[in-house]
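Chain by chain, the residues:
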2 protein chains.
Amino acid sequence: MPKRRTLPYILLGLIHSNQQMTGYQMMQEFKHEISDFWTASHSQIYPELQRMADDGWIRPLALGKKVASKRNQTYYQVTTTGEQVLTEWLETPLTANDDELFPLKLFFIDDQNSKLLPPLISRQLELSTERRNYLRHRMTTVFPNQTAIQAHYGHYLTLSRGIERESNYVSWLKKLDAEMKR
Amino acid sequence: MPKRRTLPYILLGLIHSNQQMTGYQMMQEFKHEISDFWTASHSQIYPELQRMADDGWIRPLALGKKVASKRNQTYYQVTTTGEQVLTEWLETPLTANDDELFPLKLFFIDDQNSKLLPPLISRQLELSTERRNYLRHRMTTVFPNQTAIQAHYGHYLTLSRGIERESNYVSWLKKLDAEMKR
DNA sequence: CCGTACATGTAATGTGTTACATGATTTA
DNA sequence: TAAATCATGTAACACATTACATGTACGG
């Protein structure tokens, strides 16, 4: 579900990771790499880029500086202000509602040794563990016996799946968290 | 990400599963049971219920028929038309874009022996397998060597996680699909 | 030369969140 | 009797999708 003002941070992260990018290239990234956790169409991207440029987060590149600049493309680069904004966003700890921003933030941390990585992962491990425990608790209260399961079998299956999914997430995060500490 | 006109089907499914419900009760369900795959606030629910009643999908219950009717609550019940609409929605096969409707539709199939269950599950198994294969393919093309991984470590991790998540999903669906066929 | 992909932009519409508003009932 | 919860509703605003619109570059 779309959280407020996430798109500009994604665009900022994309440009930052790739040094310089056009709106069209960002569109492609959304299709191929980011589709798993976010979507955006070109009609969202282009106006947003203009707003970000107005706010000084990014700057359009002069023609001479462009890498293979043909046609009417506009390459953007992150400004110093933009870098600060991005870092602040990445540093902001996840909350229970924020949760789905994890893969997004993770996506934009390029350096394996970044100091942003360990706290991000351990925080998500906390949140996923909490959620798994909550789902387990729901299972015992909503489906205490076989009769309850038979009355709402689909609901039972979705809850089972939720527990399975979150357990798998916790395992993966634990492994990664342990690796980080080595 | 919010798909067009999903909320009314969820409300329809909720009322249908529980025989009769008030808007407030639906709100609670969103908080406790459905939060994992959908959210809706009361300011969305109440107008939507009125629209659905106007369209003849549901009908407000007369006071006398209400179970423990106090206060100014309005209980709704699914009409015959509404039942048809719900069944049609549940029968509509999932597509690659629709994908995230799976847990939602599953949630509303109460009967373990429903004929809707096997095709829904086997279709989702197809889609998840496709997605897992796609992600695996991305991994080999985007990260062919250690250097590529080091340049965009976060991206590498999110892709790894995607493959892990989807593999886990496929396993779960395969198990369920096999059970269905017994 | 025709279709597809590149490349950008705006407008209309649909959907969702937050804020504003009111009043009844229950519990401490 | 005050606070929390129940219960419903509307309005303003933020965000996303679809449609409309234009033009370039390239491959068959």
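Residues numbered from 1 in each chain as written. Chains lettered and ligands numbered in written order. Predicted model: local features only at pLDDT ≥ 70, side-chain atom pairs only at ≥ 80, totals over all residues. Heavy atoms only, no water.

A.B. asks: Before we move on, could you go through the relation of the copies chain B and chain A and cite the residues and values that matter?
C.D. replies: Its rotation angle being 180 degrees, the transformation that places chain B on chain A also includes 0.0 Å of axial translation and leaves an RMSD of 0.0 Å. Read as a symmetry element, the transformation amounts to a two-fold axis. When you check the interface residues of chain B against chain A, 98% turn up at the interface there too, and the contact is symmetric in its surfaces. (Least-squares fit on C-alpha atoms with pLDDT ≥ 70 in both. Contact = heavy atoms within 4.5 Å.)

A.B. asks: Requested: an account of the interface of chain B and chain A, with residues and values cited.
C.D. replies: Residue-level contacts link 40 residues of chain B with 40 residues of chain A. Where chain B meets chain A, there are six salt bridges. Residues B:Glu33 and A:Arg138 are paired through a salt bridge, measuring 2.0 Å at the closest nitrogen-oxygen approach. Secondary structure elements with two or more residues in the side of chain B that touches chain A: α2 (23–34), α5 (102–107), α6 (117–142), α7 (146–151) and α8 (153–181) of chain B. (Salt bridge = Lys/Arg side-chain N within 4 Å of Asp/Glu carboxyl O. Helix = DSSP H or I, 4+ residues; strand = E, 2+ residues; numbered from the N terminus.)

A.B. asks: Give a description of the pattern of salt bridges that names residues and reports values.
C.D. replies: The tally for this structure, following the rule as stated, stands at 20 salt bridges over all chains. The residue A:Glu166 makes a salt bridge to A:Arg165 at a minimum N-O spacing of 2.3 Å. Using a relative accessible area of 24% as the deciding quantity, one classes A:Arg165 as partly exposed. Sharing partners across several salt bridges, the network here consists of A:Asp36, B:Asp99, B:Arg131, B:Arg165 and B:Glu166. (Buried < 20%, exposed > 50% of the residue type's maximum accessible area, 1.4 Å probe, protein only.)

A.B. asks: Please set out the UniProt feature "domain: Transcription regulator PadR C-terminal" (unreviewed entry) in chain A residue by residue, giving values where relevant.
C.D. replies: This chain's UniProt record puts "domain: Transcription regulator PadR C-terminal" (unreviewed entry) on residues 102–179 of chain A. Structurally, residues 102–179 of chain A is divided into 83% helix and 0% strand, and its ends, taken at the C-alpha atoms, are 18 Å apart. (UniProt positions renumbered as here; feature names shortened; annotations may be inferred.)

A.B. asks: Provide a residue-level description of the packing of aromatic side chains, including the pertinent values.
C.D. replies: Residues and elements named next belong to chain A. All chains considered together, the criterion is met by 14 aromatic pairs over all chains. Relative to Trp 89, the ring of Tyr 9 lies with its centre 5.2 Å away and its plane at 10 degrees, an arrangement referred to as stacked. With Tyr 9 in helix α1 (residues 7–17) and Trp 89 in helix α4 (residues 80–91), the pair connects residues that are 80 residues apart, well separated along the chain. Assigned by exposure class, Tyr 9 and Trp 89 land together as buried. Taken together, a centroid distance of 5.6 Å and an interplanar angle of 80 degrees make the contact between Phe 143 and Tyr 156 edge-to-face. Separated by 13 residues along the polypeptide, Phe 143 in the loop between α6 (117–142) and α7 (146–151) and Tyr 156 in helix α8 (residues 153–181) bring together distant segments of the chain. Residue Phe 143 is classed as buried on the basis of its relative accessible area of 7%. According to the relative accessible area criterion, Tyr 156 is partly exposed, its value standing at 23%. (Phe/Tyr/Trp six-rings, centres within 6.5 Å; stacked < 30°, edge-to-face > 60°.)

A.B. asks: Please provide a residue-by-residue account of the sheet that holds strand β1 (residues 20–22) of chain A, values included.
C.D. replies: All names here are of chain A. Taken in spatial order, the three strands make up an open sheet running β1-β3-β2, and their pairing is antiparallel. Both edges of this open sheet fall to β1 and β2 (58–60), since each of them pairs with a single strand only. Across this sheet, the average inter-strand angle for adjacent strands is 35 degrees, counted without regard to direction. With three bridges joining them, β2 and strand β3 (residues 75–78) adopt antiparallel strand pairing. Bridge assignment links Arg 59 to a residue of β3, and that residue is Gln 77. (Pairing = 2+ DSSP bridges. Axes fitted to C-alpha atoms, helices over the stretch in contact; angles between N-to-C directions.)

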